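Residues per chain, in single letters:
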Amino acid sequence: MNGIDLTSPPALPQAPTLPQLYALSPAASAASRATIAALYSHKSAPRWNHPAGDRLTHEDVARLSVYAAALDAGRGGRAPRPDDAVLAWAQSRIAATPLYRGRVADGIDIASHWVELPTTAREDIASHAARLVPDDVPLDRMIVYRTAGTTGHALLVPQDALAVACYLPLLNLALARYGVNTRFSSGDTACFLVGSQRHTVTYPTVMFGWGGAGFAKLNLFADDWPDINARADYFRHFAPRLLTGDPLSFADMLEAGIGGAPHALVTTAVAMSPALKSRLQAAYGCPVVDWYSLTETGPLGYVCPRGPGYHWLPHDVYIETLDEAGLPTRGRGEITVTGGRNPYIPLLRYRTGDWGRIDFAPCPCGDPMPRLMELEGRVPVRFRSGNGDRIGTQDVATVLRRYPLVQHSFEQADDGACTLTYRALAGAAWPRDDLASELRALLNQTITLREDAELGRRGAVDKVIPYVSKRIEE
Ligand SMILES: [Zn+2]
């Protein structure tokens, strides 16, 4: 998940109107509205298919500035134990959250018993999301987001507009470390979020983490645009200062010779190949900034400009690594997160499924926050349909998320045949044959479904890789 995608379901295509887009940006000034209108109605604009906006009120915009200031002030060395702020937060959320109250002994001193506190995982969000919502948070502003399918099976994650908007100060901090200026005014085009899939939602809006400047979520897929030159014309005309996207979309953008003159490319996938990164840097003449962000946790790290490793980004989370026995380790372990800004899913020792090591030693770049080293990411994968089309993991994910799967691994063999190994939500009845035929229609390949009730439950040796291609690419 790129983190600044404001998409929420239902994802059925619905061309937004300008009044709908304005209504989703309640803090927009006349100048910001003019920016939305310009992005929306340009002659080369793509077909928009989704109404979205950051939903921030004027009060939220003020709170966002407070968060940005706290983020700057909160940078400093960290110890391999939770600090007082995290402990106080955890104590309060354990008391308020039904799932945690049931799992943590009453009156326990969490500072001295931290390592005995239960961990949580994706499965808790998939199976007990309602019990993760604390009793004391108002529900009237809850928005439900889907996670991107590239990071395991899609989850419905309840979110809050302000918590989502806090991604931007985090991103701005990372970009500042690369010398990229992220001060914008309402007439600027701050960022295009670039996708390249058969189906993805698209919309223009403005973002108040960027001074009410323009933002558009775009799909490079040619069918979305009025004519063959429209994509390049649109990028050239608006010249967004930042481009965000996954490595495969950037590779397609490069191949199509578009992208304008960005000051930075930002990618959230950990697994961008060094070769692609240096080609993008050369082609666009700007830094390519990797960051590590999950929908459940928000942004966690950005790649150190001096490398290697990802600096711990938010001041308001505690990151620890757990070994195969579930105990904190100074070596490689599962990246586990406590804290954050999402009021509806307070993360208590949330196991991300990613592995790495935390280096607390000072870094030559000057950022005092520790680094996540040897971060084992998820390798971007693309499949081939029987007709020779490239099919992205997002397209497969769009099909899979219609079914109650908790974990899955979708693998394409060298001969093109595909196998979906899955663990379904316990007790759910659903049409297996429909899933097989939808996958067959998408890929035009042989599809085998294989149920595995223990998938992902066999401990560290059983890290589930959601998408695998064994094809030897030409
Ligand atoms: Zn550094």
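These lines cover the structure that appears in this document, whether it is placed above or below.

Structural notes on the sheet that holds strand E19 (residues 447–451)
Argument step 1. Read from one edge to the other, the open sheet built from four strands follows the order E19-E18-E17-E20, with strand pairing classed as mixed. Edge positions in the open sheet fall to E19 and strand E20 (467–469), since each of these has one partner strand only. Taking each pair of neighbouring strands and ignoring which way they run, the sheet shows an average axis angle of 15°.
Argument step 2. Bridge analysis of strand E17 (residues 405–412) against E20 gives three bridges, and the strand direction is parallel. Within E20, the residue paired with Glu 411 across the bridge is Val 468.
Argument step 3. Where helix H13 (residues 432–443) meets the sheet, its contacts fall on strand E18 (418–424) and E19, and the angle it forms with E19 comes to roughly 145°.

Remarks on the environment of Glu 123
Argument step 1. Inspection of the secondary structure assignment puts Glu 123 in helix H6 (residues 122–128).
Argument step 2. For Glu 123, a count of 16 C-beta atoms within 10 Å gives the class partly exposed.
Argument step 3. Spatially, the C-alpha atoms of Glu 123 and Gly 456 are 9.8 Å apart, while their sequence positions differ by 333 residues.

Re helix H12 (residues 393–400)
Argument step 1. Across the eight residues of H12, seven count as buried, placing the element largely inside the fold.
Argument step 2. Of the positions making up H12, those classed as buried are Thr 393, Gln 394, Asp 395, Val 396, Ala 397, Thr 398 and Leu 400.
Argument step 3. Where H12 is buried, its residues touch strand E15 (382–384), strand E16 (390–392), E17, H13 and E20.

Some remarks on the packing of helix H10 (residues 247–255) against helix H11 (residues 274–284)
Argument step 1. Remark: H10 packs on H11, axes separated minimally by 11 Å, with the N-to-C direction vectors making an angle of 45°. Between H10 and H11, the crossing angle belongs to the class labelled oblique. The handedness of the crossing between H10 and H11 is left-handed. Together, Pro 247, Phe 250, Ala 251 and Leu 254 of H10 and Leu 276, Arg 279, Leu 280 and Ala 283 of H11 make up the contact between the two elements.
Argument step 2. Residue composition of the contact of H10 with H11, grouped by class: seven nonpolar, no polar and one charged.

Notes on unusual backbone geometry
Argument step 1. Within the chain, Arg 349 stands out as a residue other than glycine whose phi angle is a positive 45°.
Argument step 2. Mapped onto the elements of the fold, Arg 349 is located in strand E13 (residues 347–359).
Argument step 3. A positive phi is found at Glu 374, a non-glycine position, where the angle reads about 50°.

Considering the pairing of strand E3 (residues 189–195)
Argument step 1. Burial analysis of E3 places seven of its seven residues in the buried class, which makes it a mostly covered element.
Argument step 2. Note: E3 against strand E6 (residues 242–245), four bridges, orientation parallel. Along E6, the bridge assignment pairs Phe 192 with Leu 243.

Calculation rules
Residues numbered from 1 in each chain as written. Predicted model: local features only at pLDDT ≥ 70, side-chain atom pairs only at ≥ 80, totals over all residues. Pairing = 2+ DSSP bridges. Helix = DSSP H or I, 4+ residues; strand = E, 2+ residues; numbered from the N terminus. Axes fitted to C-alpha atoms, helices over the stretch in contact; angles between N-to-C directions. Contact = placed C-beta atoms within 7 Å. Buried ≥ 20, exposed ≤ 12 C-beta atoms within 10 Å, placed from the backbone. Parallel < 35°, antiparallel > 145°, perpendicular 65-115°, else oblique. Left-handed = near helix turned anticlockwise from the far one by under 90°. Nonpolar A, V, L, I, M, F, W, Y, C, P; charged D, E, K, R; others polar.

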